[in-house]
Amino acid sequence: MSYESNAHSPYERAIQRVPEGLRVYLAVLPVTALVGLFILYPIARAIYTSFFERSLLHPDQSTFIGMGNYANIWSSAQIHQVIVNTVLWVVVGSGIAIVIGFVLGWLLYEKLPYVSVASAIVLIPWVLPRVVGASIWQFMFSGSQGIINELLVQLGVVDDYVVMLGDPSLSLWPAIVGMIWRLAPLFALLTLTSFQGIDEHLYEAARMDGATPWEAFRYITLPLMRYNLAIGFLLMLIYNIRNFSMVWVMTKGGPGYSSTTLPVMIYRSAFVDFNIGFASALSVMLFVVLLVFSYYYIKVYDRVQGEF
Amino acid sequence: MSTETTDPTEEFRENQSWLFDTTAGVYLRKTLVGLVTAGAGLFVLFPLYWLVVTAFKTTAEIQQIPPTIVPQNWSLQGFSVVIESSIQAGGYQVFFENTLGVTITSAIDINVLQLVFNSLKVSVGAGLIAVAFGTVASYVLSRRDFRGKNVLMSLFLASLMFPGTAIMVPEWELINMLDLYNTHVALVLIYGAMTAPFVVWLMKGFFDDFPGSIIDAARMDQCSPYETFRYVVVPMARNSLIASFIFAFLLAWNELVFALTLLGNAKYTVPPGLLTFVQGFNTQWNVVAAASILVSVPVLLGLAYIQRYFVQGLTGGAIKG
Amino acid sequence: MTRLELEHVTKRFDGPSGDIVAVNDLSLEVDDGDFLVLLGPSGCGKTTTLRMIGGLEEPTEGDVTFDGVRVNDVKARNRDVAMVFQDFALYPHMTVGENLGFGLKREDNGLAENEIDERVAEVAEMLEIGDLLDKKPSSLSGGQKQRVALGRAIVREPRLFLFDEPLANLDAQLRKTMRTEIDELQSRMGITSAYVTHNQEEAMTIADEIAILNDGTLQQHDTPARIFNSPNNLFVAQFVGSPDMNIFDGTMTEEGERYRVEFAGRSFHVPRDLFEDVAEDVSDVTIGFRPQDLFREASTEGRQGHAGPVIDSEIRVIEPLGTDAIVHAEIDEGTLTSTLTRFHEIDEGDAATFTIAPEHIYVFERDTERLIKGRVDTETDEVGAVMSD
Ligand SMILES: Nc1ncnc2c1ncn2[C@@H]1O[C@H](COP(=O)(O)OP(=O)(O)OP(=O)(O)O)[C@@H](O)[C@H]1O
Ligand SMILES: [Mg+2]
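Calculation notes
- Residues numbered from 1 in each chain as written.
- Chains lettered and ligands numbered in written order.
- Predicted model: local features only at pLDDT ≥ 70, side-chain atom pairs only at ≥ 80, totals over all residues.
- Heavy atoms only, no water.
- UniProt positions renumbered as here; feature names shortened; annotations may be inferred.
- Helix = DSSP H or I, 4+ residues; strand = E, 2+ residues; numbered from the N terminus.
- Buried < 20%, exposed > 50% of the residue type's maximum accessible area, 1.4 Å probe, protein only.
- Areas by Shrake-Rupley, 256 points an atom, 1.4 Å probe, with all protein chains shown as cover.
- Lys, Arg positive; Asp, Glu negative; His and termini not counted.
- Charge placed at Lys NZ, Arg CZ, Asp CG, Glu CD.
- Contact = heavy atoms within 4.5 Å.
- Buried area = accessible area lost by both parts, 1.4 Å probe.
- Salt bridge = Lys/Arg side-chain N within 4 Å of Asp/Glu carboxyl O.
- Near = heavy atom within 4 Å.
- Polar contact = N/O pair within 3.5 Å; in protein donor to acceptor, adjacent residues only side chain to side chain.
- Nonpolar A, V, L, I, M, F, W, Y, C, P; charged D, E, K, R; others polar.
- Domains from an automatic or database assignment.
- Patch = residues over 30% accessible without salt bridge, like charges linked within 9 Å, V, L, I, M, F, W, Y side chains within 5 Å.
- pLDDT = per-residue confidence, 0-100.
- Pairing = 2+ DSSP bridges.
- Core = buried A, V, L, I, M, F, W, Y, C linked by side-chain atoms within 4.5 Å.
- Phe/Tyr/Trp six-rings, centres within 6.5 Å; stacked < 30°, edge-to-face > 60°.
- Lys NZ or Arg CZ within 6 Å of the ring centre and 35° of its normal.

The name given to chain C in an unreviewed UniProt entry is ABC-type D-xylose/L-arabinose transporter, with the source organism recorded as Halarchaeum nitratireducens. Per its UniProt entry, chain C bears the Function (unreviewed entry) comment "Part of the ABC transporter complex XacGHIJK involved in the uptake of xylose and arabinose. Responsible for energy coupling to the transport system." As its UniProt record puts it under Subunit (unreviewed entry), chain C is described as follows: "The complex is composed of two ATP-binding proteins (XacJ and XacK), two transmembrane proteins (XacH and XacI) and a solute-binding protein (XacG)."

The name given to chain A in an unreviewed UniProt entry is Sugar ABC transporter permease, with the source organism recorded as Halarchaeum nitratireducens. The UniProt entry for chain A carries the following text under Sequence similarities (unreviewed entry): "Belongs to the binding-protein-dependent transport system permease family."

Below, the structure written as structure tokens:
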């Protein structure tokens, strides 16, 4: 009896020629290469470009200007507006999305029938093409044809139709509402999943221990969900700060810079003002923030999962 | 406990909560819950409702002030404009005139069908790349220990956070450098790179829960690692694989930033195309709504399938559904 | 058709706190066609041993040989070995028929599709699962799944069968039927088999030979009868047999041609030739005897002319098992456990006097726990009867 190998396919025979220890790397190579080239390299590239003055129209001509682009950010009047907008956008948008999302998730879990159908419906705002979602809200917020204006007039909040998207003091808010509408469902689903992950018996045990429903929620549900909620919270921040389409579709960041957030600013600098160097410096700002969020995300992730 | 009580049930009434154990409290609670449900439901659903009814209104009704909540007469005008303009932009009007005797003249020419076709091309391509590369990697990441594994996993997790707006400028530079500007290949590769980490995490979750004894059984049944993967693991992973594909597909279908910055008008996929459409038609919202609904159909079909895997995929497996 | 040999096999795993020695210097031989049972408590390395035989793990040290050929670095798929898993490990996406035929299809055996189908049908017939061939595993009962798992192993006619607690997921009744069935199948096919279990009763009924492991170390490799009557040490003695053996500390002194053994204030004599090599200075010993070997003095089974110790006690608990009962009785030095057939005559709280034949008493050295006197069967081959519950 001999024990020769029984590699059947040519593919396998090829694999067997690769040393054992290298095979795992062979398997992760394609993804790593793809991600490395199209995601990690651009990050490095942006850092590099941010030290140059370079125009989109002549990308091959660039001058090294050191921290020049960063200095320009610091001295730019619009950037202050952009930063305020971005902070408002992220804080208010994420905050409200989380509250609404949590309540929605709880309703799905506790109160609504047909969970899987209901949660599929709730998810529609999130999976709809971003442009579609944004244009619905643009329409609803439009002047005389806008249903929201009609509602406000009927309720007596305003006397006459307001063109919110064209009013520099208001133009950011419709986009924030649209973004909440898009993100709250996501948080709702995370909440629902977290609720479903808690063993029913724990609630029964708590009831036997004399806990009221509120106490059960406070002392069992919340502590057990805390990592999941942290994950959801960080995702909200990340998705919010990254968002471009909601603002771009609804207002293009205008009037002026009144509704421009950081990503929109990056786009405008690069593809409207053609200033790639400056746009890259702005991108680096965004990286820093995203890096902080990702760091915490991975930290919480490790908590939940133990080691990978 | 009070000693004067005579009511023998008194001792069961400790630890009472007004909100849960009194009639008034219960009513208040129920009312609140009802109101919140209605409010939240309205917030989520009304825009969707509005999209649908808008699509079925006539252009005249759209321009009415105040807007009507329910269409006065349901009309397919919006949809027909979308289709006619597609036919015209696609250069098929002669064909229609000759064969069906219908003359098509549309004021705008945006070829929605072409957009859909481009998007399908890009999304399917990206989905296939992501699933093929991601699955192989996730299998190894789940079942083997090797040097650099944790770094790699963290990189994949972090790369879920960055794409889109943060790297649009350098991506534009890169694509120009590779001479891929205004090609669909560029988008296929970028979307593949963006979604492969999703697939890695989703499939890793699946493989982590995969019963090891089945793999042992396959080894005993004389399977090589490749055959085990091909005949045992992949068939069992079918649902997760389909979900991964749909995930990647949806992301590619919906992505705006790269499509807008890396393609010229002629090659547009659905999101930038639709954006042009919105801006060209924003007096005829019924047409916009009709187009929106048409391009959302694949998304809604996909949603039905991946719902179960949604959370796990989005959180990189941090939360399992 | 394979002689299996393990030579000084050791397996270490990297644990979170240093190395775990799962199997420690294990040497075993199993002759062609024999049925070996690996028996031992949870975590003692049984599964690891089996997986090394099957090629699912590689030994850290030592060799595994089939018919004298070292197979350490032969992959599982090339060893021509079949394994039945505790959780059955049926492929959920294949029908029963596909599950059975899968191994044959992977093999380079030159069998045509229809020949494979024939073999599958034949085996299915033999295991009475012929009408399940088109079903998916998820729709089968536990017993049916077990048969499919068996069938999957049998159909390949491998050189070795490996079973890892194949009956652990079945209910008690099914366990008994299936173990008889496995036993019969194995004898019929004459394929060398290794079978892992932590259930001593299962091991005793099914095995040609038993290897008892503890903490990765082989304690004894012997026939079931010898394991029962001449356990190498206290661990083996306590691990087999049910209910648990009675254990007392005792002392032993030489008195000419016999030894005087004392425990719990009683003493009795045992002829010297019943002992195996007793070291010079042994005086501290551990005495053990099986509950089945205890008799009530007053009963008619009573004294059979031997000079065994007589123990007075008070009955504490009677656990009826149908025809007999497990009786726990109290003596000053501890508790006695015995199985009695005529338990209706006694009541909890009654005084009872027990006795035991000296041949049936086990004696171990106290400090090494090594056996120095085993149980001598007065009636031959009563082990089977004693073992049945
Ligand atoms: N892959 C592994 N990595 C690390 N330690 C392991 C591994 N497999 C087994 N061990 C350890 O080796 C020892 C023996 O394990 P094994 O599974 O062989 O025991 P067993 O006798 O089959 O037990 P059981 O009856 O519980 O199945 C245990 O301490 C176990 O924790
Ligand atoms: Mg085991």
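Back to the text.
Let us look at the overall build of chain C. Across its full length, chain C holds nine helices and 21 strands. Put simply, chain C has 389 residues, and 53% of those count as buried. Total accessible area on chain C stands at roughly 16800 Å², and carbon and sulfur atoms take up 43% of it. Across chain C, the mean location of the 37 positive side-chain charges is 4 Å away from that of the 77 negative side-chain charges.

This part is about the interface of chain B and chain A. The parts lose accessible area when they come together, and the size of an interface is often stated as this lost area. If you look at the interface, chain B gives 106 residues, while chain A gives 106 residues. Roughly 9200 Å² is buried in total at the junction of chain B and chain A, and carbon and sulfur atoms are behind 76% of that figure. Considering only the side of chain B, the residues that lose the most area to chain A are F43, M161 and F162 of chain B, jointly responsible for 8% of the buried surface there. Between chain B and chain A we count two salt bridges in total.

This paragraph deals with the site of ligand 1. All names here are of chain C. Taken together, F13, I20, A22, S42, G43, C44, G45, K46, T47, T48, E165 and H198 make up the full set of residues adjacent to ligand 1. Between ligand 1 and G43, the relevant distance is 2.7 Å, taken from an oxygen atom to a main-chain nitrogen or oxygen of the residue. The separation between an oxygen atom of ligand 1 and a polar main-chain atom of C44 is 3.2 Å. Summarising the interface, the protein chains cover 62% of the accessible area of ligand 1, which totals 630 Å² for the free molecule. Going through the elements one at a time, β2 (18–30) and α1 (46–54) are the ones with two or more residues in the shell around ligand 1. For the shell around ligand 1, the element with the highest residue contribution is α1, accounting for three residues. Grouping the amino acids of the shell around ligand 1 by side-chain chemistry returns four nonpolar, six polar and two charged.

Let us now look at the domain arrangement of chain A. All names here are of chain A. Per the domain assignment, the segments of chain A are domain 1 (10–64) and domain 2 (77–305). Relative placement of domain 1 and domain 2: their C-alpha centres are 32 Å apart. Facing the 10 residues of domain 1 at the interface are 11 residues of domain 2. In this assembly, domain 1 packs against domain 2 so that about 850 Å² is buried in total across both faces, 79% of it on carbon and sulfur atoms. By the criterion of area lost to domain 2, the three top residues of domain 1 are S50, R54 and L56, representing 49% of everything that side buries. Our count for the contact surface shared by domain 1 and domain 2 stands at zero salt bridges. Summed over the shared surface of domain 1 and domain 2, the result is two residue pairs in polar contact (both at pLDDT 80 or more). For the side of domain 1 that touches domain 2, the secondary-structure elements that each account for two or more residues are α2 (20–49) and β1 (52–54). If you tally residues by element for the side of domain 1 that touches domain 2, the top one is α2, at four residues.

A contiguous nonpolar surface patch, about 410 Å² in accessible area, is contributed by Y114, V117 and I121 of chain A together with L45 of chain B. Turning to its location among the elements, V117 of chain A is positioned in helix α5 (residues 115–127).

What follows deals with the confidence of the model for chain C. Residue and element names in this part refer to chain C. Residues of chain C with pLDDT of at least 70 account for 94%, and the chain-wide mean is 86. Long-range and interchain partners of residues 299–303, a stretch whose pLDDT sits below 50, account for nine contacts in this model, where long-range means more than four residues apart. This stretch, residues 380–389, has a pLDDT under 50; its non-local contacts, to residues over four places away or in other chains, come to 16 contacts. The complex prediction reports pTM at 0.76, with the ipTM value standing at 0.84.

Moving on, we get to the pairing of strand β3 (residues 35–39) of chain C. All names here are of chain C. The element β3 is largely enclosed, with a buried count of five among its five residues. Here β3 shows a buried face lined by F35, V37 and L39 and a second buried face lined by L36 and L38. In this sheet, strand β8 (residues 192–197) lies alongside β3 in parallel orientation, the contact comprising five bridges. Considered in β8, the bridge of V37 is made with Y195. Across four bridges, β3 lies against strand β9 (residues 209–214) in parallel orientation. Its bridge partner lying in β9, L38 is registered against A211.

I147, I148, N149, E150 and L152 of chain A are the residues of helix α7 (residues 147–155) of chain A that are buried. Those residues of α7 of chain A that are buried lie in contact with α6 (130–140) of chain A together with α2 (23–55) of chain B. Phi for G156 of chain A, located one or two positions after α7 of chain A, is positive at around 80°.

What follows is about the nonpolar core. W89 and W126 of chain A together with Y191, F258 and F310 of chain B are the most contacted members of the largest nonpolar core, which has 236 residues in total. If one sorts the elements of this core by residue count, helix α9 (residues 184–208) of chain B sits on top with 16 residues. V37, L127, V148 and M245 of chain C belong to the second largest nonpolar core, which has 52 residues in total.

Summed over the entire model, instances satisfying the criterion amount to 44 aromatic pairs over all chains. Where F244 of chain A meets Y267 of chain A, the ring centres are 5.0 Å apart and the plane angle is 45°; that geometry is what we call tilted. You can see F244 of chain A sitting in the loop between α10 (213–242) and α11 (245–251) and its partner Y267 of chain A sitting in helix α12 (residues 262–272), a full 23 residues away along the chain. Neither residue differs from the other here; F244 of chain A and Y267 of chain A are each classed as buried. Pairing F46 of chain B with Y49 of chain B gives two aromatic rings, centres 5.9 Å apart and planes at 45°, and the pair type is tilted. With a gap of three residues between them, F46 of chain B and Y49 of chain B both fall in helix α2, about one helical turn apart. Taking relative accessible area as the criterion, Y49 of chain B reaches 33% and is therefore assigned partly exposed. An aromatic cluster of three or more residues is present, and its members are F244, W248, Y267 and F271 of chain A together with W172 and Y181 of chain B. The aromatic ring of Y227 of chain A is capped on one face by R226 of chain A, whose charged end is 4.8 Å from the ring centroid. Its end group placed over the ring of Y91 of chain C, R152 of chain C keeps NZ or CZ at 4.9 Å from the ring centre.

Residues and elements named next belong to chain C. Once the domains are mapped, chain C shows domain 1 (4–237) and domain 2 (244–373). Once you take the C-alpha centre of each, domain 1 and domain 2 turn out to be 38 Å apart. Contacts between the two partners involve eight residues from domain 1 and, on the opposite side, nine residues from domain 2. Around 750 Å² of area is buried between domain 1 and domain 2 when both sides are counted, 63% of it from carbon and sulfur atoms. Counting across the interface, domain 1 meets domain 2 through zero salt bridges. Taken together, domain 1 and domain 2 are joined by five residue pairs in polar contact (both at pLDDT 80 or more). Elements supplying a minimum of two residues to the side of domain 1 that touches domain 2: α7 (224–229) and α8 (234–239). Its residues assigned to classes, the side of domain 1 that touches domain 2 shows four nonpolar, four polar and no charged.

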